[in-house]
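Breakdown of the fold
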Amino acid sequence: MGDLSDPLTVLKGVGPALAKTLSKLDLHRVEDLLFFLPLRYEDRTTLHRIGELKPGMRCLTSGEVLLAETVYRGRRSLLVRVSDGSGQLTLRFFYFSRQQEAQFQPGVTVSCYGDVRAGPVGLEIVHPEYRVLGKEQSPVVNDSLTPVYPLTEGVQQGRLRNLVAQALAMMRGNPPAELLPPSVVEHLGLPTLAEALDYLHTPPSNVDIQIIESGTHPCQSRLAFEELLAHYMSLRHLRNLANREAAMPLGPGPALQRQFIDSLPYQLTNAQNRVIAEISNDLKEPHPMMRLIQGDVGSGKTVVAAAACAQAVASDVQATVMAPTELLAEQHWTGFNEWFDKLGVELAWLSGSQKQTERKASLEAIGSGRAQIVIGTHALFQEGVEFSKLGLIIIDEQHRFGVHQRVALRDKGKTGTGHPHQLVMTATPIPRTLAMAAYADLDTSVIDELPPGRQPVSTIALPDTRRMEVVERVREACTNGQQAYWVCPLIDESDVLDYQAAEASYQMLSDALDNLTVSLVHGRMKNAAREKVMRAFKGGDVDVLVATTVIEVGVDVPNASLMIIENSERMGLSQMHQLRGRVGRGAEQSHCVMLYKQPLGQLAKSRLSVLRETNDGFVVAQRDLELRGPGELLGTKQTGLPEYRIANLVRDAHFMPTVQKAAGVIAGENTERERAIVTRWLGNAHHYGKV
Ligand code: ADP
Ligand code: MG
C-alpha cells in the first residue's frame, strides 16, 4: 500500500511522461490529487424519461432510434429522433463521421447525456455524450455524481477520474493527518478532512447540487477553513518574524512632530490624530512597524505620513516616501517642501526621469545622510541608491502591491541597525474580515473621517444618449473657470480599444468645445508626455482632461469640479468611487455624471445606485465585493495576492474571526502543526519555508 506523500508514479498507469503532464496541473504527489477538486459535477444517477425532460435540464436519458437523417438546412447536421414511449427527443450533431451516421439505425437503443433545449421541432440535445446499447444492455446509471476536473492538454477526464479514484482508495486505508486541533474541529462541527475529500470527489446521488455549486456545503467549508487558516498563519508568521527583528526605536522627542502639526493651516481630524498616535507608538518600538493605513480618498493620509516622517527626522534617521507615479510623487514633493522647508528639514527628490547631474546630487545627499526625507518613485529602491540611515519607509497608494513586494521592500531597506519601519497607505478600503485575510501580516489603522466642510460630490447616472447635454454643462462650468475630467474606461481587455474610445471622445469634445482647451492622456503615452499634460491640467492651462483610467490614483486638482465617466455600467464601483474622489476637493459643489449605455440591466442599475446613494468608500467597497469579488477590489491579478484553491474570500470571509482564534490556539501549543498546515496548502516552496 502506497503512501499519500509518494510521487504520482506509484499509481497504476502513471509513467514519467504522464507525471510530467500532470505536473502542469500542479499535481506531484498522490495527496495533491485529493486536493484537486472537481470544477463541477454531472448527475448520471437518475435515468430520466423523455416525457419528463424540460429545457435547461442537464441529464441522462435513453430511447429507441426512430429515424436518423442528415439535413442541409443552413448547416449540415445529423438529426437522430429517439423515443421511449413517453415522448420524443432529437439528438443534433454538427460534427459527425460516416460511422456515426451509420450507427443510429432505427430500432437500436441509445443512452445519452447533455443539455436539453427547445429546438425547432420539440426538445433536443446538441452533441450529447451518448452510447449505443446492445440488445440486452441497459444504460449505465451511477451511484454518485460524476466529477468534472480541470484538464490540461494530454490528460483526459476519464484518466483523471481514475487517478483520483486510486488516490481515494489509498486514503481510505491511510487517511491524511487531521491537522486541526481537536478543540477547533469540535467547535466548527464540520466533517473530518478525509470525509470532506471523499464526499467532494464522489458526492452521493441525493446531494443538493446547488449547495455544492454555491460552495457552502459543510465539506467545502471544512476545506476552505483550513486553507484560510494556512494562509493566515503564513502571513502572521511573517509578521512575527518582523517582531523578532531589530529596528531603531524612533522616539521619544515628539517636539518636531508637534511643531509640524501646529504649523498646519487646518486642524487635524480626530481620525488623523488617532492614527498618528498609533503610528507614533509603533515607531517607538525596537521592532519594525508594519502598518497599513486605510482611508477613503481625500481623508488626508498625506499629512499623517508627514507627521510620521517628522518623528523619524527628530530621531535622526531618514524617512522615505514612495509614490506609484511621478506625478503623485511630485505632488508630495511640493506639499512636503511647503511643510518642511520652514522647519529646517532637508528634503531630496529621486525619480527615473531625473537628469544625471540632479540624480547624482540626490544620491550624494541620500548617501551622506544630509537628506532627511527622500521623496520619489520606484527609483528609490533601485540599485545604486544607498541610504545612510533609513528608519522609515512610507509607500503611498499601495493597494496594487502584494505580500511578496512588501517583504522584498522591507529587506531592501535593511541596514546595519536593523529593518526600517514600514507604513503603507491605500485608498481602497476593504471590509474588516477581508482585511484580516489579505493583510494579516500588517497592523491596520483606519482614517474613517473626512476633513470638515467637504461637500459630498453629487452623483447622477444618465444614458449616453444625453451626452450632448452633459457637454453643454461642461462648457458652462469651464467657461466659469472650473475644470473637468472626462474619463473613458477600459472597454475591452485590449489597450487598442481603450485608446480609441478615449481618442473618439477627445475628438468629439475638441470639436464641441472650441473655445476651451481639451487634452488627452492615456496609458499608452510615454510617461513624460502624460505627465506633461497632467501638469498642464494641474496648472489650469487645460480645461477638460480626457483620460483613460490612468488618473485613478491620488492626483489633487482642487479646481476640478466635474467628473464625467463613460461606460460606467462596466466599471467597478470602488474604481468609480476613486475617480469621483478626484473632484470635490475645492470650495465649489462638485458633480459626477455616470454615462451608461442603454439598456441597463437590473444588476447594473443597482450598482450605479450605490454610488448615487453613498459617498462612503467602505460602503462602496462592501457592495463592490459582494457584486464583483475580491480580485477586482484588491487587484489580485497584478499583485500576487495568493490564489486560493477552495476558499473564496467573499463567501468564506465570515470564518476569519474563527480562523484567527484557531491560529491563536495552534500558536500557543505546537509549531509543527502550524508548519504542516501551511505546507499542505501552500507547499514547501512558499516563503514560509524559507524565512
Ligand atoms: P488622500 O487621503 O486621498 O491621500 P490627501 O492627503 O491628498 O488625501 O488630502 C486631501 C486634501 O485634504 C488635501 O488638499 C489636504 O490638504 C486636505 N486636508 C487633509 N487633512 C485636512 C484637515 N484635517 N482639514 C482640512 N483639510 C485637510
Ligand atoms: Mg493620497
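Conventions adopted
Residues numbered from 1 in each chain as written. Chains lettered and ligands numbered in written order. Predicted model: local features only at pLDDT ≥ 70, side-chain atom pairs only at ≥ 80, totals over all residues. Heavy atoms only, no water. Helix = DSSP H or I, 4+ residues; strand = E, 2+ residues; numbered from the N terminus. Buried < 20%, exposed > 50% of the residue type's maximum accessible area, 1.4 Å probe, protein only. Contact = heavy atoms within 4.5 Å. Areas by Shrake-Rupley, 256 points an atom, 1.4 Å probe, with all protein chains shown as cover. Lys, Arg positive; Asp, Glu negative; His and termini not counted. Charge placed at Lys NZ, Arg CZ, Asp CG, Glu CD. Arc of directions from axis to C-beta. Pairing = 2+ DSSP bridges. Axes fitted to C-alpha atoms, helices over the stretch in contact; angles between N-to-C directions. Near = heavy atom within 4 Å. Polar contact = N/O pair within 3.5 Å; in protein donor to acceptor, adjacent residues only side chain to side chain. Nonpolar A, V, L, I, M, F, W, Y, C, P; charged D, E, K, R; others polar. pLDDT = per-residue confidence, 0-100. Expected span 1.5 Å × (residues − 1). Domains from an automatic or database assignment. Buried area = accessible area lost by both parts, 1.4 Å probe. Salt bridge = Lys/Arg side-chain N within 4 Å of Asp/Glu carboxyl O.

1. Thoughts on the overall build of the protein
A count of helical and extended segments in the protein gives 26 helices and 22 strands. For the protein, the spread of C-alpha atoms along the three principal axes comes to 100 × 70 × 45 Å. A buried classification covers 52% of the 691 residues belonging to the protein. Sequence separation of 24 or more characterises 74% of the internal contacts of the protein that already satisfy a separation of 6 or more. Total accessible area on the protein stands at roughly 30900 Å², and carbon and sulfur atoms take up 50% of it. Of the side-chain charges in the protein, 71 are positive and 78 negative, and the distance between the mean point of each set is 3 Å.

2. Considerations on helix H1 (residues 16-23)
Every buried residue belonging to H1 is among Leu18, Ala19, Thr21 and Leu22, and all of these are buried. Buried residues of H1, seen end-on, are gathered within an arc of 160° and therefore sit on one face of the element. Seen from the buried face of H1, the exposed residues on the opposite side, beyond 90 degrees, are Pro16, Ala17 and Lys20. Along its buried surface, H1 packs onto helix H4 (157-173).

3. Considering the environment of His28
With respect to the helices and strands, His28 occurs in the loop between H1 and helix H2 (30-34). Take His28: its relative accessible area is 41%, and that puts it in the partly exposed class. Residues His28 and Pro175, spaced 147 residues apart in sequence, show a C-alpha to C-alpha distance of 18 Å. Aside from chain neighbours lying at most four places away, what touches His28 is Asp6, Pro7, Leu8 and Ser23.

4. Some details on the sheet that holds strand S20 (residues 544-547)
The strand order S17-S22-S21-S18-S20-S19 describes an open sheet built from six strands, whose pairing is parallel. Bordering the open sheet on either side are strand S17 (458-463) and strand S19 (518-521), each of which pairs with just one other strand. The sheet shows a mean angle of 20° between the axes of neighbouring strands, direction not considered. Of the pairings in the sheet, the one linking strand S18 (residues 483-487) to S20 comprises four bridges and is parallel in character.

5. Remarks on the site of ligand 1
Neighbouring residues of ligand 1: 16 residues in total, closest Gln267, Gly298, Lys301, Thr302 and Arg454. A distance of 2.8 Å separates a nitrogen atom of ligand 1 from a polar backbone atom of Gln267. With respect to ligand 1, the side chain of Arg454 contributes an N or O atom lying 2.6 Å from an oxygen atom. Relative to its free-state accessible area of 560 Å², ligand 1 is covered by the protein chains to the extent of 81%. Here the shell around ligand 1 is composed, by residue class, of four nonpolar, seven polar and five charged.

6. Here we look at the pairing of strand S10 (residues 290-295)
Of all the six residues making up S10, six are buried; the element is thus mostly covered by neighbouring parts of the structure. Here S10 shows no split at all, with Met290, Leu292 and Gln294 on one side and Arg291, Ile293 and Gly295 on the other all buried. In the sheet, S10 pairs with strand S15 (residues 421-426) via five bridges, with the strands oriented parallel. Paired with Ile293 across the strands is Met425, a residue of S15. Alignment of S10 against strand S16 (residues 443-447), held across five bridges, turns out to be parallel.

7. Some thoughts on the side chain of Glu566
Mapped onto the elements of the fold, Glu566 is located in the loop between strand S21 (560-565) and helix H19 (573-580). Assessed through its relative accessible area of 5%, Glu566 is described here as buried. Polar side-chain contacts of Glu566 include one of 2.8 Å to the side chain of Arg467. Once residues within four sequence positions are removed from consideration, Glu566 is found in contact with Arg467, Trp486, Val487, Cys488, Pro489, Ser505 and Leu595.

8. Concerning the confidence of the model for the protein
Averaged over the protein, the pLDDT score is 87; the fraction of residues at 70 or greater is 91%. When pLDDT is averaged over each helix and strand of the protein, the minimum, 41, is found for helix H23 (residues 636-639) and the maximum, 96, for helix H10 (residues 270-283). Confidence over residues 636-640 falls short of pLDDT 50; this stretch has 11 contacts with residues more than four positions distant or in other chains. Taken together, the stretch residues 687-691 has pLDDT below 50 and engages in 15 contacts with residues farther than four places along the chain or on a different chain.

9. Concerning helix H24 (residues 656-669)
The first and last C-alpha atoms of H24 sit 20 Å apart over 14 residues, in line with the 20 Å expected at 1.5 Å per residue. Those residues of H24 that are buried are in contact with helix H5 (182-188), helix H8 (218-244), helix H15 (432-438) and helix H25 (671-682).

10. What about the domain arrangement of the protein?
One frequent convention defines the size of an interface as the accessible area lost when the parts assemble. By the assigned domains, the protein splits into domain 1 (47-141), domain 2 (177-244 + 652-691), domain 3 (249-447) and domain 4 (458-614). Using only C-alpha atoms to locate each centre, domain 3 and domain 4 end up separated by 30 Å. Between domain 3 and domain 4, the residue contacts involve 14 residues of the former and 14 residues of the latter. Taken together, both faces of the contact between domain 3 and domain 4 bury some 1200 Å²; the carbon and sulfur share is 53%. Per-residue buried area on domain 3 facing domain 4 is highest for Val297, Leu327 and Gln331; these three make up 45% of the total on that side. Along the contact surface separating domain 3 from domain 4 lie one salt bridge. A salt bridge links Glu330 to Arg535, with the shortest nitrogen-to-oxygen separation between them at 2.8 Å. The interface formed by domain 3 and domain 4 includes three residue pairs in polar contact (both at pLDDT 80 or more).

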